[in-house]
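# Coordinate inspection notes
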Amino acid sequence: MDAQTNADSKQWIKAIRADSLPVDDATRIEHQGVCIAIFNLAGKFYATSGICTHAHAFLSEGYIDGQTVECPLHQGLFHIPTGTPLSPPVTERLKTYETKLSDGYVHILVEGRQ
């Protein structure tokens, strides 16, 4: 992954090729020890924390329906674009990341090195 630093201690990382992630699917990456889920919803890319806030489960393995992902462990629902929890047992919001497409790649804005 390539990185470009911003002045406010955030950096864009080149995460994945956009054409490697089918529509209505997800994948996960790890950046500096942080798991991030990347979702392709109707050709628009979103990135959230990759691990459910309720229990340790990879959201990239969850069921995607429209703009929601169901945790594969306990079936709690999250709204992907905002990270908002929508049904029990999840109650804590997911961290979300800004994304952009450039040169055929999905880039994610993450916290930079201090």
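Just above sits the structure.
These remarks concern the structure in this document. Predicted model only: the values in this text are computed from it and were never measured.

### Here we look at the pattern of salt bridges
Enumeration according to the criterion identifies three salt bridges in this entry. As a salt-bridge pair, Arg17 and Asp19 come within 2.9 Å of each other at their nearest N and O atoms. Take Arg17: its relative accessible area is 38%, and that puts it in the partly exposed class. A relative accessible area of 58% means that Asp19 is categorised as exposed.

### Let's talk about the sheet that holds strand S6 (residues 63-65)
Read across the sheet, three strands follow the order S6-S7-S8 without closing on themselves; strand pairing throughout is antiparallel. Every other strand in the sheet has two partners, leaving S6 and strand S8 (77-79) as the edge strands with one partner each. Averaged over neighbouring strand pairs, the angle between their axes works out to 25° when direction is ignored. Pairing of strand S7 (residues 68-70) with S8 involves three bridges; the strand directions are antiparallel. By the bridge assignment for S8, Val69 is matched with Phe78.

### Some remarks on the state of the cysteines
Counted under the stated rule, the structure contains zero disulfides. Note on Cys35: no disulfide assigned, nearest cysteine sulfur contributed by Cys52 at a separation of 12 Å. Cys52 provides the cysteine sulfur closest to Cys71, a residue in no disulfide bond, and the two sulfurs are 3.7 Å apart. The buried category is assigned to Cys71, whose relative accessible area is 1%.

### A word on the pairing of strand S11 (residues 105-111)
Along a regular strand, successive side chains alternate from one face of the sheet to the other. Burial within S11 is extensive, with five of its seven residues counted as buried. As judged from the seven bridges shared by strand S2 (residues 10-17) and S11, these two strands associate in the antiparallel manner. Within S11, the position partnered with Trp12 by the bridge is Leu109. Where strand S10 (residues 99-102) meets S11, four bridges bridge the pair, whose relative direction is antiparallel. Across the sheet, the residue bridging to Leu101 is Val106, located in S11. Taken together, S10 and the strand that follows it, S11, pair antiparallel across an intervening segment of two residues, in which Asp103 is found at a positive phi of about 55°.

Parameters at a glance
- Residues numbered from 1 in each chain as written.
- Predicted model: local features only at pLDDT ≥ 70, side-chain atom pairs only at ≥ 80, totals over all residues.
- Heavy atoms only, no water.
- Salt bridge = Lys/Arg side-chain N within 4 Å of Asp/Glu carboxyl O.
- Buried < 20%, exposed > 50% of the residue type's maximum accessible area, 1.4 Å probe, protein only.
- Pairing = 2+ DSSP bridges.
- Helix = DSSP H or I, 4+ residues; strand = E, 2+ residues; numbered from the N terminus.
- Axes fitted to C-alpha atoms, helices over the stretch in contact; angles between N-to-C directions.
- Disulfide = S-S within 2.5 Å.

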